[in-house]
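A look at the structure
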Amino acid sequence: MRPLRTAVVAVLLLAATACTFGPSLEHRGEITAPPGDSSHLTIGSAGFTESDLLAEMYALLLDRAGYHTRILTVTNREIYEPALESGQIDVVPEYAATFADWLNTRAHGPDARPVGSPDLATTMLALRALAAPRGLTVLDPGRAVDQNAFAVAASYARKHRLKTLSDLGASGLPVRLAAGDECVQRPYCEPGLRKTYGINITAIDPKGVGTTAAKKAVQDGQDQMVLTTTTDATLGQFGLVLLADDKHLQNADYIVPVVNRSRAGSARVTRALDRLNTVLTTKDLASMNEQVDSWRRLPEDVARAYLESKRLIPSR
């Protein structure tokens, strides 16, 4: 059955229940109740291309497994995560380290020490421990990861024989970095590049993370490196290439499905979504992002074509 898609402005979504998302953590029966298996499931999307694609693939795989699905777009995690807890959303694609840190600050306050780390096993252990008391189950991660990443001009990489961030640090080259304002403080950005790789950052050019302006600045030689992500689909258009994070500075932001245990915690849901884990790679996801963002194809068409090509759903 083709999933129903519903786009909702985050400010308006669930307004009537925004402050009443179920009982307190101490009294939630669903934490100890058997996993549920609702026949009608709502898949959440955070409203950007990659999240839309993942939500479409989840919906198609669950349709194939016999569920009736719809997709609900909510651009604000502060709204969609409580909706996931309450069962108004049943499944959502998330990023392991980022979601672990988000739940940690929610549980222990904004000054809580981060629990996400470059180590996937450690991150997943912390994430599942934080999710379980909220009635959420975190399924296994697959191969695809959307981490922060750093890119340079391909010509610059060739000239200086750069393949990794370690190569750049060893070169001693002065580097002006196009990134967000927060880069000067974030441990994965300027401080981490200096400490972990010894890169000579001379300045931060505050053009944002992976923006067109930031990539154009590197293309034109105004800056030498740009902060982007591993699934950035447009690097080739600017003549840029990623440098490998060979010392694992970045956190393990592998893509993980998170489900409401009382409605979608069944083995059947897990089996349906796990099928994506064996095939979906970071490169695949970047390619699909490009098809939507650059080729202007619809996310549902790109998602369906990908699943059909991998024989995860039958061709129409």
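Everything below is about the structure printed above this text.
Note that the structure is a prediction, hence the values are computed from the model and not measured.

This part covers the state of the cysteines. A covalent bond between the sulfur atoms of two cysteines is what we call a disulfide. One pass over the structure, following the stated rule, counts 1 disulfide. Each sulfur of the disulfide joining Cys 183 and Cys 189 lies 1.9 Å from the other. Across the disulfide from Cys 183 to Cys 189, rotation about the S-S bond amounts to roughly -85°, and the bridge is consequently left-handed. Just as Cys 183 is buried, Cys 189 falls in that class too.

Another point: the pattern of salt bridges. A complete count under the given rule lists 14 salt bridges for this structure. The shortest N-O distance in the salt bridge between Asp 140 and Arg 128 comes to 2.8 Å. Of this pair, Asp 140 sits in the loop between β5 (136-138) and β6 (148-153) while Arg 128 sits in helix α4 (residues 120-131), and the two are 12 residues apart along the sequence. The partly exposed category is assigned to Arg 128, whose relative accessible area is 33%. Note that Arg 176 and Asp 223 form a salt bridge whose closest N and O atoms lie 2.6 Å from each other. With Arg 176 in strand β7 (residues 174-179) and Asp 223 in the loop between α8 (212-219) and β9 (225-229), this pair connects stretches of sequence that are 47 residues apart.

For a regular strand, the rule is simple: side chains alternate between the two faces of the sheet. Of all 5 residues in β9, 4 are buried; the element is thus mostly enclosed. Bridge count for β6 against β9 is 4 bridges, and the pairing is antiparallel. Across the sheet, residue Phe 150 finds its bridge partner in β9, namely Leu 227. Where β7 lies against β9, 2 bridges are found, and the strand directions are parallel. Considered in β9, the bridge of Leu 177 is made with Met 225.

Ranked by internal contacts, the top residues of the largest apolar core, which has 35 residues, are Met 57, Leu 62, Leu 276 and Leu 307. For this core, the secondary structure elements donating two or more residues are β2 (40-45), α1 (49-64), β4 (91-95), β11 (255-260), α10 (267-274), α11 (282-293) and α12 (299-309). Residues within four places of Leu 307 in sequence aside, it is in contact with Met 57, Leu 60, Leu 61, Leu 276, Leu 312 and Ile 313. Judged by nonpolar contacts, the second largest core, of 32 residues, contains Ala 151, Ala 153, Ala 179 and Leu 193.

Relative to the 22 Å expected for 16 residues at 1.5 Å per residue, α1 spans 23 Å between its end C-alpha atoms, a close match to the ideal helical length. Burial analysis of α1 places 14 of its 16 residues in the buried class, the great majority of the element. Of the residues one or two after α1, Gly 66 is the one with positive phi, at around 105°.

Attention shifts here to the packing of α11 against α12. Remark: α11 packs on α12, axes separated minimally by 9 Å, with the N-to-C direction vectors making an angle of 145°. Note that α11 runs across α12; the crossing there is right-handed. Here Asp 284, Met 288, Gln 291 and Val 292 of α11 lie close against α12, whose contacting residues are Pro 299, Val 302 and Tyr 306. Looking at the contact of α11 with α12, its residues break down into 5 nonpolar, 1 polar and 1 charged.

About the thresholds
- All residue numbers refer to positions counted from 1 along the written sequence of the respective chain.
- The predicted origin of the model limits local features to residues at a pLDDT of at least 70 and limits the giving and counting of side-chain atom pairs to 80 or more, whereas totals for whole chains, interfaces and linings rest on all residues.
- Hydrogens and waters are ignored; side-chain quantities use all the structure's heavy atoms.
- What counts as a disulfide here is a pair of cysteine sulfur atoms lying within 2.5 Å.
- Exposure is judged per residue with a 1.4 Å probe applied to protein chains only, and the accessible area is read against the type maximum: over 50% gives exposed, under 20% gives buried, and values in between give partly exposed.
- Salt bridges are counted wherever a side-chain nitrogen of Lys or Arg sits within 4 Å of a carboxyl oxygen of Asp or Glu.
- Each helix is a run of DSSP H or I of at least 4 residues and each strand a run of E of at least 2, with the numbering of both proceeding from the N terminus.
- Pairs of strands are assigned from DSSP output, requiring at least two bridges between the strands.
- What we call a nonpolar core is a set of buried Ala, Val, Leu, Ile, Met, Phe, Trp, Tyr and Cys residues that are connected through their side-chain atoms within 4.5 Å.
- We call two residues in contact whenever any of their non-hydrogen atoms come within 4.5 Å of each other.
- Here the expected span of a helix is defined as 1.5 Å times the quantity of residues minus one.
- Whenever a helix is involved, its axis is fitted only over the stretch in contact; in every case the axis is a line through C-alpha atoms, and angles between N-to-C directions fall within 0 to 180 degrees.
- Should the near helix be turned counterclockwise from the far one by less than a right angle, the crossing is left-handed, whereas a clockwise turn marks it as right-handed.
- The classification used treats Ala, Val, Leu, Ile, Met, Phe, Trp, Tyr, Cys and Pro as nonpolar, Asp, Glu, Lys and Arg as charged, and all other residues, Gly among them, as polar.

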